[in-house]
Amino acid sequence: MPSDFDGSFADFLDRSPSGRFTDWLAARAEPYWSEATGHPFTVAIGNGTMPEAAYARYLIEDYTFVTDLASTLGYLVAKAPGMPAKSRLAGFLALLTSEENDYFLRSFEALGVEPQVYETAAQGPVTRAFSQLMLESSGQGSYAQGLACLLCAEWCYLTWGVREARKPRPDAFYLAEWIDLHAVPGFEAFVNWIRAEMDRIGPTLTEPEQANVADLFRRMSKLEAAFFETAWTGKLPGPEVDLQRI
């Protein structure tokens, strides 16, 4: 749906006094937030209609992204303002580099993707733009900027994961487990923590800083939707789309 709100956080609170800073980020990111969380690719994961070729494309790209996500978390661990936040982020980093990596290897084997393919794969342009935005924001930017990018990536997956988890699981284990990985209480608790952390920090930022964080969340949402679309169709964005300026 198109955004019906592009004002400041203060304007948002005038309209919705109980609204959260993260609610404002999502509202400012429309229509891309809804395009990402409701993309047909995510629906196909849940109902089992996912073509194997599309899911293989997706997993290969996602596998190339995991290292950059780990680096993003490392930057945020370093910049987090206190030990509780550092502990939360470090815990998720440990999970990412253990359980999720095992899932990728088993899924590649089931889909017939040879190790030499996924181990040597280069990031496609959408994945590269997505990774660069996260790495630059977390590495060169502020804690709030990096956190906003991480929030978009993980909250998007929680949103569709919880939605698809309400349905019967598909037969393919790699689809069923991917849903479960993004709908389990532990992951939901981590994403809710990121939201709470962003809700805590966001209102303390200056208005230009808030606008910058909102722009990052919107750009991430647009790239997330493009990531799903590329995996779904096997087609890259047209030359009229400048990924570095999204």
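What this report covers is the structure whose coordinates are included nearby. (Residues numbered from 1 in each chain as written. Predicted model: local features only at pLDDT ≥ 70, side-chain atom pairs only at ≥ 80, totals over all residues. Heavy atoms only, no water.)

## Considerations on the overall build of the protein chain
- Secondary structure assignment for the protein chain yields 13 helices and zero strands.
- In sequence order, the protein chain lays out its α and β elements as α-α-α-α-α-α-α-α-α-α-α-α-α.
- The proportion of buried residues among the 246 residues of the protein chain is 50%.
- The long-range fraction of contacts in the protein chain, counting pairs at least 24 apart against all pairs at least 6 apart in sequence, stands at 78%.
- When the accessible area of the protein chain is evaluated, it comes to approximately 11100 Å², of which 54% is carbon and sulfur surface.
- Of the side chains in the protein chain, 20 bear a positive and 33 a negative charge, and the two mean positions are spaced by 4 Å. (Helix = DSSP H or I, 4+ residues; strand = E, 2+ residues; numbered from the N terminus. Buried < 20%, exposed > 50% of the residue type's maximum accessible area, 1.4 Å probe, protein only. Contact = heavy atoms within 4.5 Å. Areas by Shrake-Rupley, 256 points an atom, 1.4 Å probe, with all protein chains shown as cover. Lys, Arg positive; Asp, Glu negative; His and termini not counted. Charge placed at Lys NZ, Arg CZ, Asp CG, Glu CD.)

## Looking at the pattern of salt bridges
- Taken as a whole and assessed by the stated rule, the structure comprises nine salt bridges.
- Among the ionic pairs, R169 bridges to D180, the shortest N-O distance being 2.8 Å. Here R169 is found in the loop between α10 (143-165) and α11 (173-181), whereas its partner D180 is found in helix α11, with 11 residues between them in sequence.
- Of the charged contacts, one joins E197 and R200 as a salt bridge, the two residues approaching to 3.0 Å between their closest N and O atoms. Of this pair, E197 and R200 both sit in helix α12 (residues 185-201), separated by three residues, roughly a single helical turn.
- When its relative accessible area of 46% is taken as the criterion, R200 is described as partly exposed.
- Taken together, the shared-partner salt bridges connect D102, R106 and E177 into one network. (Salt bridge = Lys/Arg side-chain N within 4 Å of Asp/Glu carboxyl O.)

## Quick word on helix α5 (residues 52-79)
- For α5, with 28 residues, the first-to-last C-alpha span of 40 Å sits near the 40 Å given by 1.5 Å per residue.
- A bend of about 30 degrees at V66 is the largest found in α5. (Expected span 1.5 Å × (residues − 1). Bend = angle between axes of the 7 residues up to and from the residue.)

## Regarding the packing of α10 against helix α13 (residues 207-233)
- Look at α10 against α13: their axes get within 9 Å of each other, and the N-to-C directions meet at 40 degrees. Put simply, α10 runs oblique to α13. Pair α10 / α13 crosses with right-handed handedness. On α13, the residues that touch A144, Q145, A148, C149, L151, C152, A153, W155, C156, Y157 and W160 of α10 are N212, V213, L216, F217, M220, S221, E224, F227 and F228.
- Partitioning the contact of α10 with α13 into residue classes produces 16 nonpolar, three polar and one charged. (Axes fitted to C-alpha atoms, helices over the stretch in contact; angles between N-to-C directions. Parallel < 35°, antiparallel > 145°, perpendicular 65-115°, else oblique. Left-handed = near helix turned anticlockwise from the far one by under 90°. Nonpolar A, V, L, I, M, F, W, Y, C, P; charged D, E, K, R; others polar.)

## Regarding unusual backbone geometry
- Between E30 and P31 the backbone carries a cis peptide bond, its omega angle lying at 5 degrees.
- Tracing the backbone shows P31 in the loop between α2 (21-28) and α3 (32-37).

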